[in-house]
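Breakdown of the fold
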2 protein chains.
Amino acid sequence: MRTEGKHIIMDASGCKPELLNDLEYLKGLLKEAAERASATILNVAFHHFTPQGVSGVVVISESHLSIHTWPENGYAALDFYTCGDIDPAAACEHVAEALGATHIQTTMVARGEELDGKYLHRVEKTEEKNNEKELSLFP
Amino acid sequence: MRTEGKHIIMDASGCKPELLNDLEYLKGLLKEAAERASATILNVAFHHFTPQGVSGVVVISESHLSIHTWPENGYAALDFYTCGDIDPAAACEHVAEALGATHIQTTMVARGEELDGKYLHRVEKTEEKNNEKELSLFP
């Protein structure tokens, strides 16, 4: 198994509160995102908080996807970490679209790059995208 | 629930291969790390690969800890993401010590900082530490 991976950190704002509080919806959405990225799902662990909010993780053979939500703030913190040839970027934006996000910030981190026997990560780039019109999201 | 969180990305090298391949050991270690950080454990999902390697996530009320291992490379990729007043740094280094890591690289990312209604993250700092003597680890 190759050690190199792509890890996208995404903070999504302006999301629909009712979706951020719906555990079954979020579980389905993250599983769908994993499948769209052709990842193999191994394990799923989700939790609903009182009074609101959801935390969940999908363990995939190529690493993991995670989500933590604050419905009261329209905010979701997501991580998409994949190994091998999978590119998590498309899956990431699909989730943001589905949640109705009006703004996302993403940072791409390259993980597991070997140098002289040491495995390292490297912050590649940070991007912000707006979806003012709530129409053709994040083209 | 406060949106602000601390997310530590850690790549650990030179770890003991037999520990990186031991699912029960790693599960116990991450649960212990969560407890040391006074986090509340909600859910645990681990998977052992054939022929080797483990992926696992501990969902905590304050976010999640994750580990992915490559025993054949002595490499473990870890994430410690916590919200509220919990500081994941000590838990992070405890895990590296326990795995016998000789080198770690960590990057601290501040998550969920609100600015004009948008929630953002910020890469704070990247550090590398060596443990040449394998004695007083990562002081």
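The preceding data block contains the structure.
Since we're looking at a predicted model, the values are computed, not measured.

**As for the relation of the copies chain A and chain B**
Superposing chain A onto chain B requires a rotation of 180° together with a translation of 0.0 Å along the rotation axis, leaving an RMSD of 0.0 Å. Read as a symmetry element, the transformation amounts to a two-fold axis. Residue A45 of chain A of chain A places its C-alpha closer to the rotation axis than any other residue of that unit, at 3.2 Å. A share of 100% of the interface residues of chain A reappears at the interface of chain B, consistent with the copies meeting face to face through the same patch.

**So, the pairing of strand β2 (residues 41-48) of chain A**
All names here are of chain A. Strand direction decides the pairing type here: β2 and strand β3 (residues 54-60), joined by 7 bridges, are antiparallel. Of the residues in β3, the one forming a bridge with H47 is S55. Turn length for the β2-β3 hairpin, with the two strands adjacent in sequence and antiparallel, is 5 residues, and the turn residue G53 shows positive phi of about 110°.

**Considering helix α2 (residues 23-36) of chain B**
Residues and elements named next belong to chain B. Compared with the 20 Å implied by 1.5 Å per residue over 14 residues, the 20 Å span of α2 between its first and last C-alpha is a close match. Those residues of α2 that sit buried are L23, L26, L29, L30, A33 and A34. Down the axis of α2, the sector holding all buried residues measures 135°, keeping them to one side. Structural note: α2 exposes E24, E35 and R36 on the side pointing more than 90 degrees away from its buried face. Where the residues of α2 are buried, they touch α1 (17-20), β2 (41-48), β3 (54-60), β4 (63-70), β5 (75-83) and α3 (89-98). One or two positions beyond α2, positive phi appears at S38, with a value near 60°.

Analysis parameters
- Residues numbered from 1 in each chain as written.
- Chains lettered and ligands numbered in written order.
- Predicted model: local features only at pLDDT ≥ 70, side-chain atom pairs only at ≥ 80, totals over all residues.
- Heavy atoms only, no water.
- Least-squares fit on C-alpha atoms with pLDDT ≥ 70 in both.
- Contact = heavy atoms within 4.5 Å.
- Pairing = 2+ DSSP bridges.
- Helix = DSSP H or I, 4+ residues; strand = E, 2+ residues; numbered from the N terminus.
- Expected span 1.5 Å × (residues − 1).
- Buried < 20%, exposed > 50% of the residue type's maximum accessible area, 1.4 Å probe, protein only.
- Arc of directions from axis to C-beta.

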